[in-house]
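# Breakdown of the fold
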Amino acid sequence: MQYLDKLVEIEKKYDELTSQLSDPRVLADPSLYQKAARASAELRDSVEKYREWKGTQKSLVQTEALLRESSSDPEMKALAHEELVQLQKRAAQVEDELRVLLLPRDPNDEKNVVLEIRAGTGGDEATLFAQEMFRLYSRYAESQGWRVEVLSNSVSGIGGLKEVIALIEGRSVYGRLKYESGVHRVQRVPATEQQGRIHTSAITVAVLPEADEVEIQVDPKDIRIDTFCSSGPGGQSVNTTYSAVRITHLPSGTIVSCQDEKSQIKNRAKAMRVLRSRLYEMKLQEQQKQIGDERRAQIGSGDRSEKIRTYNFPQNRVTDHRIGLTLHQLDRVMDGKLGDIIDALVAYYEAKKLKGGDDEAPPLAVPA
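Residues numbered from 1 in each chain as written. Predicted model: local features only at pLDDT ≥ 70, side-chain atom pairs only at ≥ 80, totals over all residues. Heavy atoms only, no water.

## What to know about the nonpolar core
Of all hydrophobic cores here, the largest spans 40 residues; its most connected members are Ile-117 and Leu-177. Those elements that place two or more of their residues in this core are β1 (113-119), α5 (124-143), β3 (161-169), α6 (173-177), β5 (199-209), β11 (325-327), α8 (330-334) and α9 (339-355). Among the elements that make up this core, the one with the highest residue count is α5 (eight residues). With sequence-adjacent residues up to four places away left out, Ile-117 is seen in contact with Ala-130, Met-133, Phe-134, Tyr-137, Lys-162, Glu-163, Val-164, Ile-203, Thr-204 and Val-205. By size, the runner-up hydrophobic cluster in this structure holds 21 residues, among which are Ile-165, Leu-208, Val-218 and Val-256. (Core = buried A, V, L, I, M, F, W, Y, C linked by side-chain atoms within 4.5 Å. Buried < 20%, exposed > 50% of the residue type's maximum accessible area, 1.4 Å probe, protein only. Helix = DSSP H or I, 4+ residues; strand = E, 2+ residues; numbered from the N terminus. Contact = heavy atoms within 4.5 Å.)

## Description of a nonpolar patch on the surface
Taken together, the side chains of Leu-66, Met-76 and Leu-79 define a hydrophobic patch exposed on the protein surface, amounting to about 240 Å² of accessible area. Counting through the fold element by element, Leu-66 comes out in helix α3 (residues 30-69). On the basis of relative accessible area, Leu-66 is assigned to the partly exposed category, the value being 33%. (Patch = residues over 30% accessible without salt bridge, like charges linked within 9 Å, V, L, I, M, F, W, Y side chains within 5 Å. Areas by Shrake-Rupley, 256 points an atom, 1.4 Å probe, with all protein chains shown as cover. Salt bridge = Lys/Arg side-chain N within 4 Å of Asp/Glu carboxyl O.)

## Remarks on unusual backbone geometry
In most cases, non-glycine residues show a negative phi, while peptide bonds are predominantly trans. Residues other than glycine seldom take positive phi values, yet Ser-172 does so here, at roughly 55°. Along the chain, Ser-172 falls in the loop between β3 and α6. Taking the relative accessible area as the measure of exposure, Ser-172 reaches 19% and is therefore buried. At Asn-316, a residue that is not glycine, the phi angle is positive and equals roughly 50°. Asn-316 gets classed as partly exposed once you look at its relative accessible area, which sits at 26%.

## Some details on the packing of aromatic side chains
One pass over the full model with this rule turns up five aromatic pairs. Taking the centre distance of 5.3 Å and the plane angle of 65° together, the rings of Phe-129 and Tyr-311 count as edge-to-face. Pair noted here: Phe-129 is in helix α5 and Tyr-311 is in strand β9 (residues 309-312), with a separation of 182 residues, a long-range link. With a relative accessible area of 0%, Phe-129 lands in the buried category. Judged by its relative accessible area of 0%, Tyr-311 falls in the buried class. By the ring-pair criterion, three or more aromatic residues cluster together here, those being Tyr-179, Tyr-348 and Tyr-349. (Phe/Tyr/Trp six-rings, centres within 6.5 Å; stacked < 30°, edge-to-face > 60°.)

## A closer look at the side chain of Ser-40
Within the secondary structure, Ser-40 is located in helix α3. Not counting residues within four places of it along the chain, the set of residues in contact with Ser-40 comprises Tyr-14, Leu-17 and Leu-21.

## Examining the sheet that holds strand β6 (residues 223-228)
Spatially, β6-β7-β8 is the arrangement adopted by the three strands of the open sheet, whose pairing is antiparallel. The outermost strands of the open sheet, each flanked by one partner alone, are β6 and β8 (254-258). Within this sheet the neighbouring strands show an average axis-to-axis angle of 15°, counted without direction. Pairing between strand β7 (residues 244-249) and β8: five bridges, direction antiparallel. Among the inter-strand pairings, Thr-248 is bridged to a residue of β8, identified as Ile-255. (Pairing = 2+ DSSP bridges. Axes fitted to C-alpha atoms, helices over the stretch in contact; angles between N-to-C directions.)

## Looking at the sheet that holds β1
Taken together, the eight strands give an open sheet; going across it, the order is β2-β3-β1-β5-β4-β9-β10-β11, and neighbouring strands pair in mixed fashion. Since the sheet does not close on itself, it has two edges, and those belong to β2 (147-155) and β11, each with one partner. For this sheet, the mean inter-axis angle between neighbouring strands, taken without regard to orientation, is 15°. Alignment of β2 against β3, held across eight bridges, turns out to be antiparallel. Bridge pairing in β3 places Arg-147 opposite Glu-169. Strands β1, β2, β3, β4 (182-188), β5 and β9 of the sheet are contacted by α5, whose axis makes an angle of about 155° with β1. Against the sheet, α9 engages β9, β10 (317-320) and β11, with an angle of about 165° to β11.

## Regarding the pattern of salt bridges
Scanning the model with the defined rule gives 30 salt bridges in all. Salt-bridge contacts for Glu-132 lead to Arg-188; the nearest nitrogen and oxygen are separated by 2.6 Å. Of this pair, Glu-132 sits in helix α5 while Arg-188 sits in strand β4, and the two are 56 residues apart along the sequence. Overall, the relative accessible area of 24% leaves Glu-132 in the partly exposed class. With a shortest N-O distance of 3.4 Å, Asp-226 and Arg-224 are connected by a salt bridge. Taking the relative accessible area as the measure of exposure, Asp-226 reaches 25% and is therefore partly exposed.

## Structural notes on the packing of α3 against helix α4 (residues 74-101)
Where α3 contacts α4, the axes come no closer than 9 Å and their chain directions differ by 160°. Judged on the interaxial angle alone, α4 and α3 are roughly antiparallel. Of the two possible hands of crossing, α3 and α4 adopt the one that is left-handed. The class makeup of the residues in the contact of α3 with α4 is 12 nonpolar, seven polar and nine charged. (Parallel < 35°, antiparallel > 145°, perpendicular 65-115°, else oblique. Left-handed = near helix turned anticlockwise from the far one by under 90°. Nonpolar A, V, L, I, M, F, W, Y, C, P; charged D, E, K, R; others polar.)

Rendered as structure tokens:
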């Protein structure tokens with residue numbers, strides 16, 4: 001098999017990292033432990049699949065030997081032949097899966113993410129949909145064992161969300177959610193509509209990999225920090241202390257606000273996490289432009305025409321326009337069952353990498 005030497009080296013490195021994670025010196029240093037744990041997690045899937053491949057190869061050798069030995073027993077020979085065919089199919093499948101795992105990995109795939117959802121066109125209806133989409137991602141995160149922490153939010157007068165920024169922590173969060181960035185369009189009859197007409201609204205979703213302090217170092221001279229009293233819906237005062245924080249990054253003009261905590265120190269720490277992630281995203285985009293690599297889809301202005309996905313409530317239909325995927329299971333998707341869509345997106349872009357081409361995505365035939 002191709003890449004055998006590379007897989008042997010990966011397994012050796014994984015075993016070394018496993019030993020490091022039980023080393024008292026590494027356990028005593030949180031930064032070293034985190035680095036080793038992250039490196040181990042990045043290799044785990046490849047090593048487990050390689051070990052599965054080695055197991056299938058061993059079984060193939062044993063079954064081929066059994067087939068030769070049972071030449072005088074027709075029944076045993078038929079059973080051995082049937083098992084051999086199944087093992088050959090599985091071995092080929094495992095090899096394909098290994099090729100995908102050995103593709104150049106996005107170094108950000110294992111990172112936590114900063115999720116930003118903003119209401120776009122559609123007024124109050126867009127804020128209600130933004131709230132439902134945040135619920136969707138929160139439920140999906142829960143199903144994956146991830147932790148969601150709201151960093152800041154702005155509530156509309158009817159209880160929707162004008163904007164929400166949240167940190168999602170867990171394993172491979174960015175790798176699973178990175179294709180969610182873009183404009184999401186909703187088509188439905190709003191609760192306030194008297195004549196039953198279908199309205200179209202839109203929200204923007206941005207998924208940013210959380211940047212470590214070592215990756216993005218913010219010079220204190222480059223930021224201005226303002227404090228103010230946090231407020232609730234309609235601008236009403238929530239508390240009289242200056243606990244809310246607004247950080248302005250002067251060189252880029254990036255502004256981040258956080259008022260979710262009662263503590264100014266905690267709000268400042270949260271705002272800095274968001275700021276680093278936004279600056280990191282800007283840095284990645286600059287690099288991608290320079291090397292001509294495929295660019296991450298931009299979230300655009302929030303206009304209805306700049307859509308990556310449409311949620312049609314009357315037809316219980318969700319369509320991802322990038323890969324031609326349509327599911328008539330919108331109710332399940334809105335309840336956080338997002339796995340089928342994410343799996344299809346990941347499979348499509350992995351297949352493109354294997355081909356090394358930029359062909360248009362063919363429509364996917366998915367049962368209703």
